[in-house]
Amino acid sequence: MPVLSLPAADFLHRHAPGLLHGAALLAIAGGIGLWGALLLAPQPDPAPPMLTVEPAPAPSLDTLAGWFGSGRGRLQVRMTGLMAAGPRGTAILSIDGAPARAFRVGDTLAPGVTLAEVHAHGIVVSQDGMDEAITAPAAAAPASGFIPAGPPHTGR
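Residue positions are given per chain, counting from 1 as you read along its sequence in written order. Reporting of local features is limited, given that this is a predicted model, to residues whose pLDDT is at least 70; pairs of side-chain atoms are given and counted only at 80 or more, and all residues count toward the totals for whole chains, interfaces and linings. As a rule here, side-chain values come from all non-hydrogen atoms in the structure, and water together with hydrogens is ignored.

## Examining the overall build of the chain
Which entries qualify depends on this criterion: The way it works is that DSSP assigns letters per residue, a run of H or I at least four long becomes a helix, a run of E at least two long becomes a strand, and they are numbered from the N terminus. Classification of residues uses two cut-offs on accessible area relative to the type maximum, computed with a 1.4 Å probe and protein chains only: under 20% is buried, over 50% is exposed, and between them is partly exposed. Here a residue-residue contact requires only that any non-hydrogen atoms of the pair lie within 4.5 Å.
Broken down by element type, the chain carries 2 helices and 7 strands. For the chain, the sequential pattern of α-helices and β-strands runs α-α-β-β-β-β-β-β-β. For the chain, the residues scored as buried account for 12% of the 156 residues in total. Sequence separation of 24 or more characterises 28% of the internal contacts of the chain that already satisfy a separation of 6 or more.

## Quick look at the side chain of T90
Mapped onto the secondary structure, T90 falls in strand β2 (residues 90-95). With relative accessibility at 16%, the residue T90 sits in the buried group. In contact with T90, other than residues within four places in its own chain, are L82, M83, A102, F103, R104 and V118.

## Examining the sheet that holds strand β3 (residues 101-104)
Selection rule: At least two DSSP bridges between two strands are needed for those strands to be called paired. Axis lines are fitted through C-alpha atoms, for helices just across the contact stretch, and the angle between N-to-C directions can take any value from 0 to 180 degrees.
What the 3 strands build is an open sheet, ordered β1-β2-β3; its pairing is antiparallel. At either margin of the open sheet sits one strand with a lone partner, and together these are β1 (77-83) and β3. Recorded for the sheet is a direction-independent mean angle of 35 degrees between the axes of neighbouring strands.

## Re the nonpolar core
Test applied: Nine residue types can take part in a nonpolar core, namely buried Ala, Val, Leu, Ile, Met, Phe, Trp, Tyr and Cys, and a core is a set of them joined through side-chain atoms within 4.5 Å.
Membership of the largest hydrophobic core is limited to 12 residues, which are M79, A91, L93, I95, F103, L109, A110, V113, L115, V118, I123 and V125. Elements represented by at least two residues in this core include exactly β2, β4 (108-110), β5 (113-119) and β6 (122-127). Leave out the neighbours within four places in its chain, and V113 touches L75, D107, T108, V125, S126 and Q127.

## Notes on the pairing of strand β7 (residues 130-135)
Of all 6 residues that make up β7, 0 are buried, and the element is exposed over most of its length. In this sheet, β7 lies alongside β6 in antiparallel orientation, the contact comprising 6 bridges. Residue G122 lies in a different strand from β7, and its bridge partner there is T135. Here β6 hands over to β7 after 2 residues, with D128 in that stretch at a positive phi of 50 degrees.

## Considerations on the sheet that holds β7
Here we have 4 strands laid out as an open sheet, ordered β4-β5-β6-β7, and antiparallel in their pairing. The sheet is open, and its two borders are formed by β4 and β7, each paired with just one other strand. With strand direction ignored, the average angle separating the axes of adjacent strands in the sheet is 35 degrees.

## Considering the environment of G81
With respect to the helices, strands and loops of the structure, G81 is situated in strand β1. For G81 and A102, which are 21 residues apart along the polypeptide, the C-alpha to C-alpha distance reads 8.6 Å. If near-sequence neighbours (up to four positions away) are discounted, G81 is found in contact with A91 and I92.

## With respect to unusual backbone geometry
Even without glycine at this site, D96 takes up a positive phi of about 55 degrees. Structurally, the position occupied by D96 is in the loop between β2 and β3.

## Brief notes about the confidence of the model for the chain
Formally: pLDDT is a residue-level measure of predictor confidence that goes from 0 to 100.
Looking at the chain as a whole, its pLDDT mean stands at 78, while 74% of the residues score no less than 70. Mean pLDDT across the elements of the chain bottoms out in helix α2 (residues 62-68) (57) and peaks in β3 (90).

## Here we look at the side chain of S126
Where we set the bar: As used in this structure description, the phrase polar contact means that two N or O atoms lie within 3.5 Å; if the pair is within protein, one of them must be able to donate a hydrogen and the other to accept it, and residues adjacent in sequence are counted only when both atoms belong to side chains.
Among the secondary structure elements, S126 is positioned in strand β6. Judged by its relative accessible area of 16%, S126 falls in the buried class. Separated by 3.3 Å, the side chains of S126 and D131 make a polar contact. Apart from the residues lying within four places of it in its own chain, the contact partners of S126 are G112, V113, T114, A116 and D131.

The following block contains the structure:
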């Protein structure tokens, strides 16, 4: 019975290092190709934001305002300064806790509310045809005598 022929074993013995070298080069090229494709692939667009649920709008009471009155509440007016000059007077007012700002006679303080007059000791506000006088707070009396300014400076 014939035994394995020598030329096949000799071929394998002679060409095995080259075949292994070629297989290793193919594996390296495949790895470089795979990782290159993964790293250089275009990035997908970011996912759209999650849906947000906005609160329902508050019900409008405008129709009821016509039945029961204007529906406007009273303004909280705080005077921080007055400059009475007849029809060109100016008042520095804080409306409903907002930062104080200057208003001239005829300016709108809120919807339906205007500054009608400025006097030396107060203002007149017109709302829905009705005038209301608001007096300025009394100024604090100046202190009398000597007022200590703080501990004396020793100069050290």
